[in-house]
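# Summary of structural features
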Amino acid sequence: MSSDKDTFVADTTRVQTETRDSRITGQDNRFNSKLREAFGSSPFILTKFDKFMNWVRGSSMFMLQFGIACCSIEMMHTYAVKHDLDRFGAGVPRASPRQADVIIVPGTIVSKFAPRMKRVYDQMPEPKFVVGMGSCTISGGPFQEGYNVIKGAEEVIPVDIHIPGCPPRPEALVYGIAKLQERIANGESSPVVVKPYELEQFGDLPRDEVVDKLSEEINEDDLVMRYNWADSP
Amino acid sequence: MSLEDPEKEQQGALEGRSREDELADLLGERALSRDDHKNAPAFVIRPDEVQDVLFDLRDQAGYDFLSCVTAQEYEDRYESIYHLKRYDNPMDEVSVVVPTSKQNPVSQTAEPVYKTADWHEREAYDLVGIDYEGHPDLRRILLPETWQGHPLSLDYDQDRPQIVTLREHANPLEEDQRASGTGANAHSNTVESGAVDDAADSDTMYLNIGPHHPATHGVLHLKTILDGEQVVDVEPDIGYLHRCEEQMAQQGTYRYQIIPYSDRWDYTANMPNEWAVARAIEDLADLEVPEYAQVLRTMATEFGRMLGHFLAVGTFALDVYGDFTAIFMYAIRDREKVQNILEDLTGQRMMFYYFRLGGVVWDLPEPREEWFEKVRDFLDELPSALEEYHDLISQNEILQLRTVGKGMLPKETAKQYGATGPVARASGIDMDLRRDDPYGYYDELDWDVAVEDGCDNYSRLLVRLREVEESAKIIRQCIDLLEDWPEEERTIQSNVPRTIRPDDDTETYKAVEAAKGEMGVYIRSDGTDTPARFKIRAGCFNNLHTLAPMSNGEYIPDLVAALGSLDIVLGSVDR
Ligand code: SF4
C-alpha cells in the first residue's frame, strides 16, 4: 500500500504554481472566461437575486410536449435536427405539465379542448410562460369563423409571445423563443387576469335558456366553460 | 377524367349503364326513384328499408365497402347518402339516397351491415341532426356532449352561447370506478356488449389516455378499460380538433378558397388532400387538366406522400422505443430534405397550395437543371437512407418482438370498418385508388402497389417503407418526363373561368389515395359559387375506428404501438 502511495505522490506545489502562473500571465486562456474578465480578479459576482433567477429561468427552459394541430409539425421540426431548439437552452420537451415551465400552444383550440388546455396550464408550476404559435392562437386563424373554434388562445390563458404565421417557419419559432428568453431575463411576463372563458362551477352561471336546458345533465358543482360566441372577437 | 382515353370512358359508361340496370333489378320496388349523381348511379329508397337494401347490395352485388355517409338538410327534407364501393374494384360505385321528412328525421341505421357506419352515422347525427333508428350508441362524436343544436343544419344559430363541461374523468383508483361498480356504468353503454360481460365479473380498471398525452399524436382521448395489464376495451373519444372544415369549405368559393383548407386536413401529408378537392370540383364543373400539369401533380403528390410516411415511421419508432431516438431524427432529416425540394417548387414548407383548379400554380423553379439535380441527388441517396431505416427498425429484433403478431386486423374486419390505405394494404386488401381508379398520370407510369398480409403492426410499417420506395420510383419517372417535355407544350393550367358556378343540384363524390387512405370529397352545388354541401371523407377517421378490434386483448404498450401504426392525424380525423 505504502509503495503504491509513493508512486502517486506528486509535487503538488509545482503543479498549482504552473496553473496559477499561466492564468496570470494569460498563456492559458481556459481559465480566463469572458465573465471573469468582465468582473476583474474578484471571483464574486454581485447581482440582485431576482435578476439572477430570471437569467437562470430564461437560459434553461423546460418546454411542455404539447401538440395540437398543424403547427405542432413545424414545432417538431424546430426541436429536431437542423433547427435544434436545444441550442438556445430551450429544447427539453417534458411530457408532464408538472415539470414544464413554458408551454407552446401550437394550433387551433376548439371548444372541446379549451377546458383541457386550461387545466394543463393550471397544472404547470409557477412561474410559467406561454408561447402562442400560429395564427390560430392569435385569432382562430383560418378557422376564425368556425362554430366550434376559440378565437385565440388569449381567450383562455395569458400569452406572452405571439408568433404569427400559418404555420410559422421554424426560424420564426426560434426567434419567438429567443424573444421570450429576453422578456424573462428582463423579468417581464403577461399579467394573469380574468379571461373571457374561465372554468367555473355550473351552479355559478347566471341562469339563461341554455343553463336551464342543461341543468338536468350537468351537476351544480361540475366545472364548465361557457362560450359566449356573440361577443367573441 | 381528361386523361382517360375516350374509348375506355365510353366502355365504362356502357358497363355502368348495364350495371345500373342490374342493380335496379336487384332493388326492384324498393328503389323509389333514381337520382343523378355524377360519379355513380344513385337510388332513392325508403328510410325504413335501409338495412334490407344495403344487405342485398353487400351480399348479392358485392359492395363490401361503405366509403362514406353524407348527411345534409334541404329546404324540404333531410337526406343521408351511403356511398358504396367494392374493394376489388373501387370504380364500381353506387349511392343509396335515403330522404327523411323534416318533422321526423328518422332513418334506419346501417350499422349491422357495415360496422363503419357506426361512426359515420354518429357524425351525421352530431352535425346535421338525423336520427338513426336502431343505432347501438347514437351520441355526439365530434362536438361536446352538452352542445346545443346541429351546426350543419339550416337553422343553426352560431351566436348562441354554449356550455362545455370539464368533468372529472373516471379515477382508476377509486373503488366505484371498477366496472362492476356503479361509476363505470355511465360509460359501459359505450362498451361493446361482449366486453361488458367480461368486465362485470373481473377486476377491471378504467384508464384515460389523453387528450393531452405524448403517445396520442395530438389531441386524442382514449377511454381504456383494462383487465390487469390487458386492454379489454378501448373507445377513442375524438373531436378535440374539430375545426369546422366542412363549414369553412361551404363558405369558400370553389375557385380559390377551398383547396388551402384541404392542406390543413391531413397536415403531415398535405399534397394528396389538395388533389381530393381538385378532383371533385373538376369533376363537378367539367374542367380539363393539361397533361403537363398532371405530371407535375403526380410528382408533387408523391413527395407529399413521402412526407407523411417519413413522419409515420419516425413517430412509430418513437412509440415503440421511447423518447426522441435516432430514428425520429433520421425521419425528420429526410422530411427536411423533401420540404426543401417542395419549398423550391411551391414557395411553402408545409401548406403548399400548389394545386389550382385545372392545373397547378407554378411550373418548375428556374433554373430547371439545378432543381432536377437536387431531386436526383435526393433520390440517389434515398436507397441508402431506407437501408438505414430497415437496419434500425424493421430488421431490429426488439422492434420485431414488439410488433410482429401484435395489433392484428384481419382482412374481413378491416373491410367491415372501412379501412383504407396502408392499414388496409397491410391486411392483405389489394386496393390502391391510384391504380384502381386512376387519375393524374399514375396509369402511365410503372410502379407497384405495396401489399402485405401480416395484418399486424409490423406489416403496416413495412407497407409504408415500401411505399416510400414506390413513390421514389414514380418521382424519378416524372422527373425524366418533365425534363424532356417540349418547351412550347408546358401548359400548367387550362382555361378556367374566374368564378365557377356548377349547375344547380349537381352532386359528385370523388376520392383519391392520400397517404393515410382514401380521401374523398362529396360536393353538392346549388348554382352559386360556393358549395351547398361539402363533405369530407378522411381515411384517418375510419382507420382510427379499427383501433378497438385491433387492440382488444393486447397490453397497453401494444395499444400505443397499434395506434402509432395506424398513423392517424387528428386534423383529418376530426376535420
Ligand atoms: S396557424 Fe395554420 S398551421 Fe398553425 S394550427 Fe392554425 S391552421 Fe394549422
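Residues numbered from 1 in each chain as written. Chains lettered and ligands numbered in written order. Predicted model: local features only at pLDDT ≥ 70, side-chain atom pairs only at ≥ 80, totals over all residues. Heavy atoms only, no water.

### A look at the side chain of Ser-565 of chain B
All names here are of chain B. Looking at where Ser-565 falls in the secondary structure, it is placed in helix 19 (residues 556-566). Residue Ser-565 is classed as buried on the basis of its relative accessible area of 1%. Separated by 2.8 Å, the side chains of Ser-565 and Arg-460 make a polar contact. Contacts of Ser-565, omitting those with residues within four sequence positions, involve Phe-316, Asn-457, Arg-460, Arg-464 and Met-550. (Helix = DSSP H or I, 4+ residues; strand = E, 2+ residues; numbered from the N terminus. Buried < 20%, exposed > 50% of the residue type's maximum accessible area, 1.4 Å probe, protein only. Polar contact = N/O pair within 3.5 Å; in protein donor to acceptor, adjacent residues only side chain to side chain. Contact = heavy atoms within 4.5 Å.)

### Focus on the pairing of strand 11 (residues 230-237) of chain B
Residue and element names in this part refer to chain B. Burial analysis of strand 11 places seven of its eight residues in the buried class, the great majority of the element. Bridge count between strand 10 (residues 221-227) and strand 11: seven bridges; the pairing is antiparallel. Across the sheet, His-221 pairs through a bridge with Asp-237, a residue of strand 11. (Pairing = 2+ DSSP bridges.)

### Considerations on the sheet that holds strand 14 (residues 507-514) of chain B
Residues and elements named next belong to chain B. Pairing is antiparallel across the open sheet formed by three strands, whose spatial order is 14-15-16. At either margin of the open sheet sits one strand with a lone partner, and together these are strand 14 and strand 16 (531-537). Neighbouring strand axes in the sheet, compared pairwise and without regard to direction, differ in orientation by 15° on average. For strand 14 and strand 15 (residues 517-525), the ladder comprises eight bridges, and the chain directions are antiparallel. Across the sheet, the residue bridging to Ala-514 is Gly-517, located in strand 15. (Axes fitted to C-alpha atoms, helices over the stretch in contact; angles between N-to-C directions.)

### Let's talk about the packing of aromatic side chains
Per the counting criterion, the structure on display carries 21 aromatic pairs over all chains. With a centroid separation of 5.4 Å and 55° between ring planes, the pair formed by Phe-143 of chain A and Tyr-261 of chain B is classed as tilted. Highlighted residues: Phe-143 of chain A in the loop between helix 7 (135-139) and strand 5 (161-163) and Tyr-261 of chain B in helix 7 (residues 259-262), drawn from two different chains. The same class applies to Phe-143 of chain A as to Tyr-261 of chain B, namely buried. (Phe/Tyr/Trp six-rings, centres within 6.5 Å; stacked < 30°, edge-to-face > 60°.)

### Considerations on the sheet that holds strand 7 (residues 223-227) of chain A
With respect to topology, three strands assemble into an open sheet ordered 6(A)-7(A)-8(B), the strand pairing being antiparallel. Strands at the two margins of the open sheet, each flanked by one partner only, are strand 6 (199-201) of chain A together with strand 8 (162-166) of chain B. On average, adjacent strands in this sheet sit at an angle of 45° to one another, irrespective of strand direction. Bridge count between strand 7 of chain A and strand 8 of chain B: five bridges; the pairing is antiparallel. Each bridged residue has a counterpart across the sheet, and for Leu-223 of chain A the counterpart in strand 8 of chain B is Leu-166 of chain B. Those strands touched by helix 6 (residues 114-123) of chain A are strand 6 and strand 7 of chain A together with strand 8 of chain B, and its axis lies near 125° from that of strand 7 of chain A.

### Considering the pattern of salt bridges
Residue and element names in this part refer to chain B. Enumeration according to the criterion identifies 58 salt bridges over all chains in this entry. When the shortest N-O distance is used, the salt bridge between Asp-48 and Arg-46 registers 3.0 Å. With relative accessibility at 46%, the residue Asp-48 sits in the partly exposed group. Classification of Arg-46 by relative accessible area gives partly exposed; the value is 40%. In this structure, the salt-bridge partner of Asp-363 is Arg-368, at a minimum N-O distance of 3.4 Å. (Salt bridge = Lys/Arg side-chain N within 4 Å of Asp/Glu carboxyl O.)

### A look at the site of the ligand
Near the ligand there are 16 residues, and of these Cys-70, Cys-71, Ser-135, Cys-136 and Cys-166 of chain A occur at the shortest range. Surrounding the ligand is a set of residues that belongs to chains A and B. At a threshold of 2 Å from the grid points, most atoms of the ligand map onto the largest cavity. Listing elements by their share of the shell around the ligand, those giving two or more residues are helix 5 (70-79) and helix 7 of chain A. Per-class residue counts for the shell around the ligand are nine nonpolar, five polar and two charged. (Near = heavy atom within 4 Å. 1 Å grid on protein atoms, 1.4 Å probe; cavity = no way out; pocket = protein on both sides within 12 Å on 5 of 7 lines; lining within 4 Å. Sits in = over half its atoms within 2 Å of the grid points. Nonpolar A, V, L, I, M, F, W, Y, C, P; charged D, E, K, R; others polar.)

### Here's the deal with the packing of helix 5 of chain A against helix 8 (residues 170-185) of chain A
Residue and element names in this part refer to chain A. At a minimum axis distance of 9 Å, the contact between helix 5 and helix 8 shows a crossing angle of 75°. Our classification of the angle between helix 5 and helix 8 gives roughly perpendicular. Facing helix 5, whose interface residues are Glu-74, Met-75 and Thr-78, helix 8 presents Pro-170, Leu-173 and Val-174. Considered class by class, the residues forming the contact of helix 5 with helix 8 number four nonpolar, one polar and one charged. (Parallel < 35°, antiparallel > 145°, perpendicular 65-115°, else oblique.)

### A few points about the domain arrangement of chain B
All names here are of chain B. Along its sequence, chain B is carved into domain 1 (2-133) and domain 2 (245-574). Domain 1 and domain 2 are separated by 26 Å when their C-alpha centres are compared. Around 3,300 Å² of area is buried between domain 1 and domain 2 when both sides are counted, 52% of it from carbon and sulfur atoms. At the boundary of domain 1 and domain 2, one finds four salt bridges. (Domains from an automatic or database assignment. Buried area = accessible area lost by both parts, 1.4 Å probe.)

### Some details on the packing of helix 4 (residues 49-59) of chain A against helix 8 of chain A
Residues and elements named next belong to chain A. Packing of helix 4 against helix 8 brings their axes to within 8 Å, and their N-to-C directions diverge by 165°. If you check the angle between helix 4 and helix 8, you find them roughly antiparallel. In the crossing of helix 4 with helix 8, the sense of the turn from one axis to the other is right-handed. Here Asn-54, Arg-57 and Gly-58 of helix 4 come into contact with helix 8, specifically with Gln-181, Ile-184 and Ala-185. Residue composition of the contact of helix 4 with helix 8, grouped by class: two nonpolar, three polar and one charged. (Left-handed = near helix turned anticlockwise from the far one by under 90°.)

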